[in-house]
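Notes for the structure review
Below are the chains, spelled out letter by letter.
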Amino acid sequence: MCVIFMLVPAVWAGGKKESASSVKTVTIWDFKCGSGASKVAMEQIDALIEKNNPDIKINHVAQPDGDNYYQLVRAAVQAGEGPDIVMFHGGVQAYEFDDFTLPLDKYIASWRSEIAEDNWAFCSEGGDGSKPVHMVPLTTQGFGIYTNKALLKKAGIDPDKVPATAEEFIANCKALKAAGIAPIVGGFSGGPYTVDFLFRCFIANIYGDKVADLAKNVDFIGNAQFKEACEIMKELMSNYIDDEATSTVYFTDAGDNFAAGKGAMFIGLLSDVNNWKTFCDALGKDNVGYYPTVNFTNASNKNIQVLQPCGIGYSIMSWSKNPDAAAKVLQAYGSGEGPGIFMGITGALGVNKKADINSLGYPIVGEILSRNSALDVTNILTNEDANSNFDRYCTEAFVTGEITIDEFITKCQSMLVNARAAR
Amino acid sequence: MKRKLSKKNTELFEPYMLITPLLILLAVFILYPVIANIVMSFFKWNGIKKPEFIGLENYAEMFKDEKFWGSIKNTGILLLYIPLGVILPLVVSAVLREGLKGWPFFRAALYLPNILGYVIMGSICNIVFRKTGPLNNILNALGLQNLAKDWLMSPSLAINSLGFVYGVWLRLGFGCIFFLAAMSSIDESLYDAAKIDGAKWWKTFFNVTLPSIRFSIEFWVVLSFIEVLARAFSFIYTFTNGGPGFATFTLEYGIYTSGFVAFKMGYASAWASVLFVFCAIIAVFQVKLMKREAE
């Protein structure tokens, strides 16, 4: 009798183990699924994956954003163990982990054509497209100038006309100010994001498809238009960017002020915060306009949209014991219903060509994506410059006024030197 | 004889056996990290790939780096607040020692920042010092609009706010407790004698209190140096994030940025080696003080 009692649990456990092994748990780390619209979207997509793949269970772990996230990932790499899938920002932050993420070409072969080759190239090892793809892009990230059409009309400005020159843009700002309307709502607490994002738009306008060459042999120093961009930024900061009512970090309250109709323009994003969806839902779909950039007089890249081919994406880590299951999860996020769900709920722009943008019901999205695009300059900078130094230089030059425009240009040039040395 | 020898051996080795656990902990958590840091400063390492020996390149880069010299300057500015951070708790302690109505309340209020810790206090101070924060709201309500500044977005105001809040105000509570404890050991007869001689409060303070707790004051100064050099990061991170620009970017902050934002571990180790030298100098002073006191 004792022997039977001892054997029963063993058989039961053995049986349980056998059925448990048929369900593969795929663990995902990311910095978006913890809260907000991203959480809602990812829960839906995960549920869909589990429904379509009964042998897959998803363990989606929310990690803190910012510096802490990559410190955690590095700790996992040093330990040689961790999640199956890790979210990365597109660009240098992902390339550093190329040795520790799986090549995905065989996994994406069946649906590769749904995403443009430029996006895949950006997500390849090193980012030039000559080596295997290591990341599935979920979103594209960009920056631009959202406008409140009603306020523009109130100031006597044609709300549907993108200013053809910088002078026209400044004249519009003057007219808005004269009408008692804050021309641009900005926020600088914690970081000069308004300045940072607008500069990325300027650089796209000035350099166009030569942005990538900034990491090779194209300079900021000696470029008259880059200097003009700095002077325009100085003028905007001095006279037309209103941060009076803003105080919180990450300029969220500036975005809230724009959504509340307290300013005519806002330098916003195309990802999941302070974006077209937020503003259209608040101000009305037909009341939100968009300028991709400020056009410099001699710029050859008028109305070009700055766009990162991958804002965030997922990679499979080399230690994953379930790479095939992880690949199915990646496919569900990058293809099929997943991209539409994510875009519809968060407002982040997806990269899948099959996602039906029109079904979202926001005309502005089609308008943004119809434009030619240029690479975001921070995609070619080193980690430190892209995520810390550039913002600090922008603060010194345009918020606190500690350094002159020439000194700012010299510091920006030093970032290019760092980028070239790092390659 | 054998028993005597064994007892002698035991007596000889017993002290070492007793301090061995502490020595092991010191070696593992203090000595090894210090040596490893110095060694790492000669390598290029991003935290995940194999470290690459590069000799003195990190130091050469560091001495050419504007940010390094700026961080030294900012750390120096914070150190200038140490005298006020010593004098204020001294004076407050002396006043509290005389007996003050509501003394338990003041004691609790002064010590609260120590309980909450630097991260929470940094976050609270970030909110308080914002352009639209409570400090400016109070100043405006009192009709002092010209004093309501953008504390966190002006480089000079930010570094001086940091110096005052971190170097003086945050440490006031613990400083009072520390000096009150020191003052409690002063012989009351000295105060009686001073009273008989007709000495006023300030004269008693300078001629009786201060000389009697001289060692405590010197010790507090040394502690203050360590606090500013090597313990301010968590407060700066939440209060100003090293900004605006590089205005509150200290040596400690630079170590963090180089190591955990730029992931240049070797370079961060070079910065940390410089900080180690500063702290070692302070530690030598501290040891000399303690030796003198013991004598």
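Notes on the structure in this doc start here. Everything numeric here is computed off the predicted structure, so don't read it as measured data.

Broken down by element type, chain B carries 15 helices and two strands. On C-alpha atoms alone, chain B measures out to a radius of gyration of 24 Å, which is more than a quarter above the 19 Å that the 2.2 N^0.38 rule sets for 295 residues. Overall size of chain B, expressed as C-alpha extent along the three principal axes, is 70 × 65 × 30 Å. Counting across all 295 residues of chain B, residues that qualify as buried make up 32%. The long-range share in chain B, meaning contacts at least 24 apart out of those at least 6 apart in sequence, stands at 71%.

To continue, consider the overall build of chain A. Of regular secondary structure, chain A possesses 17 helices and 13 strands. For chain A, the C-alpha radius of gyration of 24 Å lies close to 22 Å, the compact-globule estimate for 423 residues. Overall size of chain A, expressed as C-alpha extent along the three principal axes, is 95 × 45 × 40 Å. In chain A, the proportion of contacts linking residues at least 24 apart, taken out of those at least 6 apart, comes to 77%.

With that settled, the discussion passes to the nonpolar core. I85, V211, M233, V329 and L330 of chain A together with W271 of chain B are the most contacted members of the largest nonpolar core, which totals 188 residues. The element contributing the most residues to this core is helix α9 (residues 193–207) of chain A, with eleven residues. The two domains that each donate at least three residues to this core are domain 1 (24–138 + 310–347) and domain 2 (141–308 + 371–422) of chain A. Excluding anything up to four places from it in sequence, V329 of chain A contacts V26, I49, I56, I58 and I85 of chain A.

What follows covers helix α10 (residues 188–196) of chain B. Within α10 of chain B, only zero of the nine residues are buried, leaving the element largely exposed. Of the residues flanking the end of α10 of chain B, it is G198 of chain B, one or two places downstream, whose phi is positive at about 85°.

With that settled, the discussion passes to the sheet that holds strand β4 (residues 136–137) of chain A. Strand pairs in the sheet, formed through backbone hydrogen bonds, run parallel or antiparallel to each other. All names here are of chain A. Judged by pairing direction, the sheet is mixed, and its five strands sit side by side in the order β2-β1-β3-β11-β4 without closing on themselves. Looking along the sheet, the strands with just one partner apiece sit at the ends: β2 (56–62) and β4. Across the sheet, helix α13 (residues 323–334) lies against β1 (24–30), β2, β3 (85–89), β4 and β11 (312–316), angled at about 165° from β11, the strand it touches most.

Residue and element names in this part refer to chain A. When you line up the elements, D356 lands in the loop between β12 (349–350) and α15 (363–369). For D356, a count of 11 C-beta atoms within 10 Å corresponds to the exposed category. Measuring from C-alpha to C-alpha, the distance between D356 and V294 comes to 29 Å, with 62 residues separating the pair along the chain.

A word on the packing of helix α4 (residues 82–97) of chain B against helix α12 (residues 214–230) of chain B. All names here are of chain B. Interaxial distance between α4 and α12 falls to 10 Å at its minimum, and their mutual angle equals 135°. Viewed along their axes, α4 and α12 adopt a mutual orientation that is oblique. When you trace α4 past α12, the crossing you get is right-handed. Where α4 approaches α12, its residues I82, G85 and V86 are matched on the opposing element by I217, W220, V221, S224, F225 and V228. Of the residues in the contact of α4 with α12, the class split is seven nonpolar, two polar and no charged.

Rules used throughout
Note that residues are indexed from 1 along each chain, following the sequence as it is written. Think of it this way: whatever chain is written first is A, whatever ligand is written first is 1, and the rest follow in order. Where totals are concerned, whole chains, interfaces and linings use all residues; where local detail is concerned, this predicted model gives features only for residues with pLDDT of at least 70, and gives and counts side-chain atom pairs only at 80 or more. Elements are defined by DSSP. Helices are runs of H or I of four residues or more, strands are runs of E of two residues or more, and each kind is numbered from the N terminus. As defined in this context, the radius of gyration uses C-alpha atoms, and a globule is described by 2.2 Å times the residue total to the power 0.38. Exposure classes come from backbone-placed C-beta atoms, where a residue is buried if 20 or more other C-beta atoms lie within 10 Å of its own, exposed if 12 or fewer do, and partly exposed in between. C-beta atoms are first placed from the backbone for all residues, and any pair lying within 7 Å is then listed as a contact. Any set of buried Ala, Val, Leu, Ile, Met, Phe, Trp, Tyr and Cys residues joined through C-beta atoms within 7 Å is what this text calls a nonpolar core. Reported domain spans reflect what an automatic or database domain assignment gives. At least two DSSP bridges between two strands are required for those strands to pair. Lines are fitted to the C-alpha atoms to define the axes, a helix being fitted only along its stretch in contact, and any angle between axes, read from their N-to-C directions, falls within 0 to 180 degrees. An angle below 35 degrees is read as roughly parallel, one above 145 as roughly antiparallel, one from 65 to 115 as roughly perpendicular, and any other as oblique. Handedness of a crossing follows from how the near helix is turned relative to the far one, being left-handed for an anticlockwise turn of less than a right angle and right-handed for a clockwise one. Residue type decides the class: Asp, Glu, Lys and Arg count as charged, Ala, Val, Leu, Ile, Met, Phe, Trp, Tyr, Cys and Pro as nonpolar, and the leftover types, Gly among them, as polar.

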